[in-house]
Amino acid sequence: MSRSSHAAAGLLRRVLGGLHRTEEWGAGLALALMALLPLAEIVVRPLLTGGIPGSIPFVQHLTLWVAFLGAGIAARQDKLIALATATFIPEGAARRAAQAFAATVGAAVTALLAWSALDVVAIEMEIGGDIALGIPSWVFQLVLPLAFGVVAVRLAWRAGGWGARTVAAAGLLAGVWLSGSGASCAAGEDGACLLAGGAGWPWVALVVLAALAGAPIFTVLAGAAVFLYMVDAFDPAAVPLYAYDLATEPHLPSIPLFTLTGFILAQGQSSERLLRVFRGLVGWLPGGTAIVCAVVCAFFTIFTGGSGVTILALGGLLLPALLKDGYRDRFSVGLLTASGSLGLLLPPAMPLILYAIVAQTAPENLFIGGILPGVLLIALVAAWGVREGLLTGAGRRAFDGAETGRALWAAKWELALPLVVLGALLSGRATLVETAALSALYAAVVTGGVHRDFRLRAGLQQAFRECVVLIGGVLIILAVAKGFTAYMVDVDIPFRLLEWTQARIESPLVFLLALNVFLLIVGCLMDIFSAIVVVVPLISAIGAAYGIDPVHLGIIFIANLELGYLTPPVGLNLFLASYRFDRPLLQVYRASVPLLVILGIGVLVITYVPWLTLGLLELVGRQ
């Protein structure tokens, strides 16, 4: 390579590096402002009637920027959420062909969204609406075409070799062309309508095949929505327009902020302090270390929002601890694989908030309703640990009151975090979003200030980076799924499903059993976030028709999806555990089967004993 070629390549790397840093700083700044504005609101509101002007809409629109800039970064790091089915494709030519196909379809769909989002921005510029303080709406909407365009290019780049990238680039152009065709259909230009009047399901089948081949899940939902809209001669810009509705969801900003809390805690030694506490409290019991692992995993999953983060972040600490105390390898791997999702029913876990948004119910009710079912599932896993301890004698140690006292004192700030969250929320002095911001501040002060686990600036930067990537991967699914859900509502699919179900199932008990089986399959095939957005609108009306309390239905839903993480062949926890613990996938399957059965029994108890969900709610009163 010539000197000039080396210089050009170096310049390109520097330019791309600068763009990447700008992207990360922009997303991090948006997330920081999201946290600071609610905190300022808590301080200002008692002093100034009405609080800070425009605070709420600004925080909501900053969530939009965090979501879509984060999605762009996730695409660059190949961390957009996808099905694990592509791992079953044999290595070699078949895997490369599947990768190229998935990238081409994903790039085409995302380019279609980017071009359609430009129409949304142009329309908003003509209308002239503003957010607050005279700032126009289109300024915030610009992130939609920008992020979709960046994601489309990055998907095409990851198609494989240059031949595959060329094909994927053709997919980019095809997406832009399809967008123009859809807009022409909506404008009544019949001659330019490519898909209008045809069948939409072959196109849906195409994007489903791409998902099975490894395309990100958001491209499946978005592709299905835009193709079905275009077949009915609607403008595909409806999908990015529904994505913009993220900025009107009042509770949504709490999801990134609670997740940030979890990542800040994970940056320090909070897990070690909690492990020491619970070892001191229950280490004298048979299976004490196993109980500790279940509780610590549940604690972190509550705040990180996803079982995958817990397995990846804590697996390297907890698996050696179990093996060192004499637990069998198979038991240890199965326990941690199951424990990764234990906290999803406990407040303020991300799925509870997301379910409340989609089902349009009060998050506080789901928070209270999930406490006893969440504790039940933790207790069942802990009981399996006790059994292991009795059989093998592993890990049992004498109780040391002095050491336990020292451990409790060292971890007092982490142990107080749930009380801070619930106290602020249930007192009525802070909204859910303000409570989430307060929890992030609390975590930063405790880990970076009180314990000095990390240099505050460097530790927070790392936590912000990891949080933005996870949130981008999740919220882009939510954004495009709103368009798919809207299409299903437009063509009366929920009503038809209700009629079909009532014609075949009379008993509410039989309905609940059928619902458990259905949700277990859904949880095995879909991630919990897209499942909530797509499936909840379908089952909410059916559950109401059978007299199922909406909070009880929500807890049943999330409990089943939590179980789906463990269900072979494509439960997400199984793949993450195989990766993190460096074990063959079939070995992880075998290790997890006992926990799958035990937690399945727990889900049935939650389903058929409504008091577990509704008992505390009746005591404290619904919101």
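Before going into details, it helps to say that this report is about the structure given with it. (Residues numbered from 1 in each chain as written. Predicted model: local features only at pLDDT ≥ 70, side-chain atom pairs only at ≥ 80, totals over all residues. Heavy atoms only, no water.)

Next up on the list: the overall build of the protein chain. Looking only at helices and strands, one finds 28 helices and 2 strands in the protein chain. The C-alpha radius of gyration of the protein chain comes to 25 Å, within 12% of the 25 Å expected for a compact globule of 623 residues. Taken over the C-alpha atoms alone, the protein chain extends approximately 80 × 65 × 65 Å along its principal axes. Residues counted as buried form 56% of the 623 residues belonging to the protein chain. For the protein chain, restricting intrachain contacts to residue pairs at least 6 apart in sequence, the fraction spanning at least 24 positions comes to 81%. For the protein chain, the distance from the average site of its 35 positive side-chain charges to the average site of its 35 negative ones is 16 Å. (Helix = DSSP H or I, 4+ residues; strand = E, 2+ residues; numbered from the N terminus. Rg over C-alpha atoms; globule rule 2.2 N^0.38 Å. Buried < 20%, exposed > 50% of the residue type's maximum accessible area, 1.4 Å probe, protein only. Contact = heavy atoms within 4.5 Å. Lys, Arg positive; Asp, Glu negative; His and termini not counted. Charge placed at Lys NZ, Arg CZ, Asp CG, Glu CD.)

Formed by 210 residues in total, the largest nonpolar core has its most connected members in Leu31, Phe68, Leu113, Phe148, Phe218 and Phe557. For this core, the element with the highest residue contribution is helix 21 (residues 456-490), accounting for 18 residues. Leave out the neighbours within four places in its chain, and Phe557 touches Tyr355, Leu519, Ala531, Ile532, Val535, Val536 and Ile539. (Core = buried A, V, L, I, M, F, W, Y, C linked by side-chain atoms within 4.5 Å.)

Below, the discussion takes up helix 3 (residues 93-127). Taking 1.5 Å of rise per residue, the 35 residues of helix 3 would be expected to cover 51 Å, and the 51 Å separating its terminal C-alpha atoms lies within 8% of that figure. Remark: Gly128 follows helix 3 within two positions and exhibits a positive phi of approximately 80°. (Expected span 1.5 Å × (residues − 1).)

Quick look at empty space enclosed by the protein now. Under the criterion given, the structure shown has 1 cavity of 30 Å³ or more. Each pocket or cavity is described by its volume, and for the largest cavity that value is around 40 Å³. If you go around the largest cavity, the residues you meet are Cys297, Thr310, Ile311, Leu314, Gly315, Leu318, Leu336 and Phe581. It is helix 13 (residues 307-324) that contributes the most residues to the lining of the largest cavity, 5 residues altogether. Tallied by class, residues from the lining of the largest cavity come to 6 nonpolar, 2 polar and no charged. (1 Å grid on protein atoms, 1.4 Å probe; cavity = no way out; pocket = protein on both sides within 12 Å on 5 of 7 lines; lining within 4 Å. Points joined across faces, edges and corners; volume = space filled by probe spheres on them. Nonpolar A, V, L, I, M, F, W, Y, C, P; charged D, E, K, R; others polar.)

The next subject is the packing of helix 23 (residues 508-525) against helix 25 (residues 550-564). In contact at an axis separation of 7 Å, helix 23 and helix 25 are set at 45° when each is read in the N-to-C sense. Our classification of the angle between helix 23 and helix 25 gives oblique. Relative to helix 25, the crossing made by helix 23 is right-handed. Within the contact between the two elements, helix 23 uses Leu512, Leu515, Asn516, Leu519, Leu520, Val522, Gly523 and Cys524 and helix 25 uses Leu553, Ile556, Phe557, Asn560, Leu561, Leu563 and Gly564. In the contact of helix 23 with helix 25, the residues fall into 11 nonpolar, 4 polar and no charged. (Axes fitted to C-alpha atoms, helices over the stretch in contact; angles between N-to-C directions. Parallel < 35°, antiparallel > 145°, perpendicular 65-115°, else oblique. Left-handed = near helix turned anticlockwise from the far one by under 90°.)

The next point concerns the packing of helix 15 (residues 350-359) against helix 25. The N-to-C vectors of helix 15 and helix 25 enclose an angle of 135°; their axes lie 11 Å apart at closest approach. When the axis of helix 15 is compared with that of helix 25, the two are oblique. Between helix 15 and helix 25 the crossing geometry is right-handed. Across the interface between the two elements, Pro351, Leu352 and Tyr355 from helix 15 touch Pro550, Leu553, Gly554, Ile555, Phe557 and Ile558 from helix 25.

Mapped onto the elements of the fold, Gly571 is located in the loop between helix 25 and helix 26 (572-581). A C-alpha to C-alpha distance of 8.1 Å links Gly571 and Ala84, two positions 487 residues apart in sequence.

A few words now on the environment of Ser427. By secondary structure assignment, the location of Ser427 is in the loop between helix 19 (412-426) and helix 20 (432-450). Placed 100 residues apart in sequence, Ser427 and Tyr327 show a C-alpha to C-alpha distance of 43 Å.

In this model helix 10 (residues 254-267) runs 20 Å from its N-terminal to its C-terminal C-alpha over 14 residues, within 8% of the 20 Å that 1.5 Å per residue would give. Buried residues dominate helix 10, accounting for 12 of its 14 residues. Every buried residue belonging to helix 10 is among Ser254, Ile255, Pro256, Leu257, Phe258, Thr259, Leu260, Thr261, Gly262, Phe263, Ile264 and Leu265, and all of these are buried.

Within this structure, the stated rule accounts for 13 salt bridges. In this structure, Arg76 engages Glu23 in a salt bridge whose closest nitrogen and oxygen atoms are separated by 3.4 Å. Here Arg76, found in helix 2 (residues 55-76), pairs with Glu23, found in helix 1 (residues 3-44); they are 53 residues apart in sequence, far enough to count as distant. The two residues Arg76 and Glu23 agree in class, both being buried. Salt-bridge contacts for Glu91 lead to Arg95; the nearest nitrogen and oxygen are separated by 3.4 Å. Glu91 sits in the exposed class, given a relative accessible area of 65%. (Salt bridge = Lys/Arg side-chain N within 4 Å of Asp/Glu carboxyl O.)

Let us now look at the packing of aromatic side chains. To describe a pair of aromatic rings, you give the distance between the ring centres and the angle between the ring planes. Tallied over the entire structure, the rule returns 9 aromatic pairs. Geometrically, the ring pair formed by Tyr327 and Phe331 is stacked, given 5.7 Å between the ring centres and 20° between the ring planes. When the ring of Phe511 is compared with that of Tyr546, the centres are 4.5 Å apart and the planes differ by 5°; the resulting orientation is stacked. Remark: Tyr546 occurs in the loop between helix 24 (528-545) and helix 25 and Phe511 occurs in helix 23; sequence separation between them is 35 residues. (Phe/Tyr/Trp six-rings, centres within 6.5 Å; stacked < 30°, edge-to-face > 60°.)

Let us now look at the layout of surface pockets. Empty space among the atoms becomes visible once a probe the size of a water molecule is rolled across them. In this model, the second largest pocket occupies a volume close to 850 Å³. When residues of the lining of the second largest pocket are traced back to their parent elements, those giving at least two are helix 7 (201-212), helix 8 (217-231), helix 21, helix 22 (493-504), helix 23 and helix 24. By residue number, the principal contributor to the lining of the second largest pocket is helix 23, which donates 7 residues. Grouping the amino acids of the lining of the second largest pocket by side-chain chemistry returns 32 nonpolar, 3 polar and 2 charged.

Cis geometry is found at the peptide bond from Pro347 to Pro348, where omega equals 0°. Mapped onto the secondary structure, Pro348 falls in the loop between helix 14 (329-339) and helix 15. Even without a glycine there, the phi angle at Asp492 is positive, about 65°. With respect to the helices, strands and loops of the structure, Asp492 is situated in the loop between helix 21 and helix 22. Exposure remark for Asp492: the relative accessible area of 42% places this residue in the partly exposed category. Even without glycine at this site, Asp582 takes up a positive phi of about 55°. Structurally, Asp582 can be placed in the loop between helix 26 and helix 27 (585-608). On the accessibility criterion, Asp582 (67% relative accessible area) is exposed.

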